[in-house]
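Descriptive analysis of the structure
Single-letter residue listing:
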Amino acid sequence: MAFHWQVDPQDLFVERYPQMVGTGLPAADVDATRAAITAMWADAPGGWVREWSELAERYGREGEHRRAALAYGWAKFPTLADPLKRTALTRQVDQYLLAATDFGIDFERITIESPHRGDRVEVPAHVLTPPGWSSTDPVLIASGGVDSWKMDLHDLFADLALRTGLRVLAFDIPGTGETTVPLSHDAGYGIVRTLVDRARGLGGGRVAHLGISMGGYYSARAGLAAEVDAAIVLGGPVERSFDADRTWAYGMRGIVGNAMGFDAEPTDAELAQRMSAFSLRKWMDRDWNAPMLVLNGADDVHIPQADTLVFEGRRDTEVHLLPDTGHCAITKLPEATRLMVDWLTGTAHW
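Residues numbered from 1 in each chain as written. Predicted model: local features only at pLDDT ≥ 70, side-chain atom pairs only at ≥ 80, totals over all residues. Heavy atoms only, no water.

1. Brief notes about the overall build of the protein chain
Scanning the protein chain for helices and strands turns up 13 helices and eight strands. Relative to the 2.2 N^0.38 estimate, which gives 20 Å for 350 residues, the radius of gyration of the protein chain is 19 Å and therefore close to what a compact globule would have. Summarising its shape, the C-alpha atoms of the protein chain cover approximately 55 × 50 × 45 Å along the three principal directions. Evaluated residue by residue, the protein chain yields a buried proportion of 59% over its 350 residues. For the protein chain, the share of sequence-separated contacts (at least 6 apart) that also reach a separation of at least 24 residues comes to 70%. (Helix = DSSP H or I, 4+ residues; strand = E, 2+ residues; numbered from the N terminus. Rg over C-alpha atoms; globule rule 2.2 N^0.38 Å. Buried < 20%, exposed > 50% of the residue type's maximum accessible area, 1.4 Å probe, protein only. Contact = heavy atoms within 4.5 Å.)

Here's what the structure looks like:
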């Protein structure tokens, strides 16, 4: 189930340009692709997938497989709404695996089988192991959100592994990437619990959970329920983001609707009904949690400040609302990463 919706591709560049160039693509190539794109869904010159894929193909021919994977990542962005987007994801996987020999960190691609509503779902995951890691050390499970997934965020996850010494198990949340079950308030719980159990067996038993954007919803829930030994929430929705009167920016209504499995653009009422079940208020009302780090940009147009500040004053919880940056503090990612590294390596936390 998937659908197209009205979205101006140039609006996506307005919001995501810092992420595009900040994750490894040359600004000149991004600028040229931006100038060439005139339509979001057209399978023709000027179409989003066509132009990004041509850039990716050029990188692939030049042996720049990591850049090719990044460009295919933008080709399939922001959601797998049609066969063109799904083809771009397949090609991203191919280029990513070709790039693996140059990651500078030990890499393994595995498939984890998880129970899901009486059935089983396969979750492809990536294991990044830094030099010197010991089998008695903790493991960090990590995911992105509804539109930026494990391969798109590889450099961040690899950087965290190298700077903290932790093995990282990266995955896609439900409704995104290579995880095929739709996003719902409960679908991710079973998958996360399975990943936590697997991560405990991949290391010494202790597990931290990093969730970015919608992935932060799941890491917040895991931390509040103390299902992990530590949790980091970067730009995650927890309560106010699920209010019925919330507004949507930069195509996010269609992105979330696709992730949830709608086959046509949902109405406000349909989205509100689904999203009301996501609130973590009942977990916030409990006076116990694992050690948590919660951070975001103060100027986030997607996640209200209240969903970060609501953690202030909780036991074993550190909160940062970074000024002059937006969703997930993307324009201050080095500062956010330093905060995460310092917190993860602080033995007093966990």
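2. A closer look at empty space enclosed by the protein
Tallied over the entire structure, the rule returns three cavities of 30 Å³ or more. Estimated volume of the largest cavity: approximately 170 Å³. Lining the largest cavity are 17 residues, with Met214, Arg246, Met252, Val256 and Ile303 positioned closest to its centre. Among the residues making up the lining of the largest cavity, the classes are represented as eleven nonpolar, four polar and two charged. In this structure, the second largest cavity encloses a volume near 80 Å³. Lining of the second largest cavity is provided by Gln19, Thr23, Leu70, Gly73, Trp74, Lys76, Phe77, Asp147, Ser148 and Asp152. Among the elements that take part in the lining of the second largest cavity, helix H4 (residues 65-76) stands out by supplying four residues, more than any other. In terms of residue class, the lining of the second largest cavity is built from three nonpolar, four polar and three charged. (1 Å grid on protein atoms, 1.4 Å probe; cavity = no way out; pocket = protein on both sides within 12 Å on 5 of 7 lines; lining within 4 Å. Points joined across faces, edges and corners; volume = space filled by probe spheres on them. Nonpolar A, V, L, I, M, F, W, Y, C, P; charged D, E, K, R; others polar.)

3. Notes on the pattern of salt bridges
Tallying each qualifying case throughout the model produces 21 salt bridges. For Glu265, the salt bridge goes to Arg253, with nearest N and O atoms at 3.7 Å. Within this pair, whereas Glu265 is found in the loop between helix H9 (252-259) and helix H10 (268-275), its partner Arg253 is found in helix H9, the two being separated by twelve residues in sequence. Assessed through its relative accessible area of 37%, Glu265 is described here as partly exposed. The salt bridge partner of Arg281 is Asp285, with a shortest N-O separation of 2.7 Å. With a relative accessible area of 29%, Arg281 lands in the partly exposed category. Given a relative accessible area of 54%, Asp285 falls into the exposed group. Through salt bridges with shared partners, a single ionic network connects Arg109, Lys150, Asp172 and Glu178. (Salt bridge = Lys/Arg side-chain N within 4 Å of Asp/Glu carboxyl O.)

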